[in-house]
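Commentary on secondary and tertiary structure
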Amino acid sequence: MKNLALRALVWAQTRQAITRLKTEEDGMTTAEYAIGTLAAAAFAGLLMAVIKGGGIKSALTAIIQQALSI
């Protein structure tokens, strides 16, 4: 009888833990999208800063002109 009561208690606690884990992850995808969007915006800003630099801009222009002249 004790064994059955202990199993029932463990089962109930396990179900509660699973339910808690399922409900606590609501909104995680929204947070992940927000972090991804911020990272993409930061990366775009970094690329713009690099491209607007003199040396990189002239090198890219030369590469593009060479590719278009072929």
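Given the structure is predicted, the values throughout are model-derived calculations rather than measurements.

**What about the overall build of the chain?**
- Within the chain, the regular secondary structure consists of three helices and zero strands.
- Reading the chain from its N terminus to its C terminus gives the helix and strand order α-α-α.
- Here the chain holds 70 residues, and the buried ones make up 0% of them.

**So, a nonpolar patch on the surface**
- There is a patch of nonpolar side chains on the surface, built from F43, L46, L47, V50, I51, I56, L60, I63, I64 and L68 and spanning about 930 Å² of accessible area.
- Counting only elements with at least two residues in the nonpolar patch, the list comes to helix 2 (28–51) and helix 3 (54–69).
- Here I63 is to be found in helix 3.

**Considering the confidence of the model for the chain**
- Per-residue confidence for the chain gives a mean pLDDT of 81; residues scoring 70 or more make up 84%.
- Helix 1 (residues 2–24) is the least confidently modelled element of the chain, averaging 77 in pLDDT, while helix 2 averages 86, the highest of any element.

**Re helix 3**
- Its 16 residues give helix 3 an end-to-end C-alpha distance of 22 Å, which sits within 8% of 22 Å, the value for a rise of 1.5 Å per residue.
- Counting buried positions over the 16 residues of helix 3 gives zero, only a small fraction of the element.

Basis of the calculations
Residues numbered from 1 in each chain as written. Predicted model: local features only at pLDDT ≥ 70, side-chain atom pairs only at ≥ 80, totals over all residues. Heavy atoms only, no water. Helix = DSSP H or I, 4+ residues; strand = E, 2+ residues; numbered from the N terminus. Buried < 20%, exposed > 50% of the residue type's maximum accessible area, 1.4 Å probe, protein only. Patch = residues over 30% accessible without salt bridge, like charges linked within 9 Å, V, L, I, M, F, W, Y side chains within 5 Å. Areas by Shrake-Rupley, 256 points an atom, 1.4 Å probe, with all protein chains shown as cover. Salt bridge = Lys/Arg side-chain N within 4 Å of Asp/Glu carboxyl O. pLDDT = per-residue confidence, 0-100. Expected span 1.5 Å × (residues − 1).

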